[in-house]
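Analysis of the macromolecular model
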Amino acid sequence: MLGDWTAEPFIGGVVSGTGADHVRLTAMLAQSIGPIHFAGEHTDPVYVTGMEGALRAGRCAADEILERRRVTEADRRSRAARRLIPRTG
Ligand SMILES: Cc1cc2nc3c(=O)[nH]c(=O)nc-3n(C[C@H](O)[C@H](O)[C@H](O)COP(=O)(O)OP(=O)(O)OC[C@H]3O[C@@H](n4cnc5c(N)ncnc54)[C@H](O)[C@@H]3O)c2cc1C
């Protein structure tokens, strides 16, 4: 389906856009803060403003969360294993 968003009386156009500095800015917006991860078209450096960017950013955030869980789980196992090794000296 093809439409002209600027001709839609209740929409009037598309909202986001890119600037010269968008690669740096999207990277900043994509930075996680502790366990909080960000997704959305505004965090994708390549397809910012579009559906493709939203999908890629969602996948990227999900990967980050899974990676964090893997690291946390590996760390927990490592700590548990260290507790099992008797200390000498
Ligand atoms: C008029 C228009 C036409 C467009 N046409 C195209 C097009 O032809 N092709 C294309 O690729 N892209 C198009 N886009 C852009 C595309 O729609 C967006 O890039 C895409 O939807 C962004 O997805 P997103 O998941 O990042 O954000 P969104 O789709 O905006 O999703 C964010 C969601 O978060 C919810 N939310 C916000 N605040 C909170 C909160 N505090 N708590 C809980 N939920 C919250 C919102 O309700 C929303 O559902 C168009 C956009 C507009 C506005």
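Residues numbered from 1 in each chain as written. Predicted model: local features only at pLDDT ≥ 70, side-chain atom pairs only at ≥ 80, totals over all residues.

**A short note on the overall build of the protein**
Threshold: Helix and strand assignments follow DSSP, with helices taken as H or I runs no shorter than four residues and strands as E runs no shorter than two, numbered in order from the N terminus. Using C-alpha atoms as the atom set, the radius of gyration is obtained and then compared with a globule rule of 2.2 Å times the number of residues to the power 0.38. Residues are called buried when their C-beta atom has 20 or more other C-beta atoms within 10 Å, exposed when it has 12 or fewer, and partly exposed otherwise; all C-beta atoms are positioned from the backbone. Placing a C-beta atom from the backbone of each residue, one calls two residues in contact when those atoms lie within 7 Å.
In terms of helices and strands, the protein carries two helices and zero strands. At 21 Å, the protein has a C-alpha radius of gyration far larger than the 12 Å of a compact globule built from 89 residues. If you line up the protein on its principal axes, its C-alpha atoms span 80 × 30 × 20 Å. Counting only residues that meet the buried cut, the protein has 8% of its 89 residues in that class. Intrachain contacts of the protein at a sequence separation of at least 6 include 23% that bridge at least 24 residues.

**Points about the site of the ligand**
Stated formally: Using a C-beta atom placed from the backbone for every residue, we mark a residue as near a molecule or strand if that atom lies within 6 Å of it. Under the convention adopted here, Pro, Cys and the residues Ala, Val, Leu, Ile, Met, Phe, Trp and Tyr are nonpolar, Asp, Glu, Lys and Arg are charged, and Gly plus all remaining residues are polar.
In the region of the ligand, ten residues are neighbours, and G40, E41, G50, M51 and A54 sit closest. Residue classes in the shell around the ligand are distributed as six nonpolar, three polar and one charged.

**A few points about unusual backbone geometry**
Of note, the phi angle at T49 is positive, near 90 degrees, even though the residue is not glycine. Along the polypeptide, T49 turns up in the loop between α1 (22-30) and α2 (51-84). Since 16 C-beta atoms lie within 10 Å of it, T49 is described here as partly exposed.

**Quick word on the environment of T18**
On the secondary structure map, T18 appears in the segment before α1. Between the C-alpha atom of T18 and that of P45, which follows or precedes it by 27 residues, the distance is 9.7 Å.

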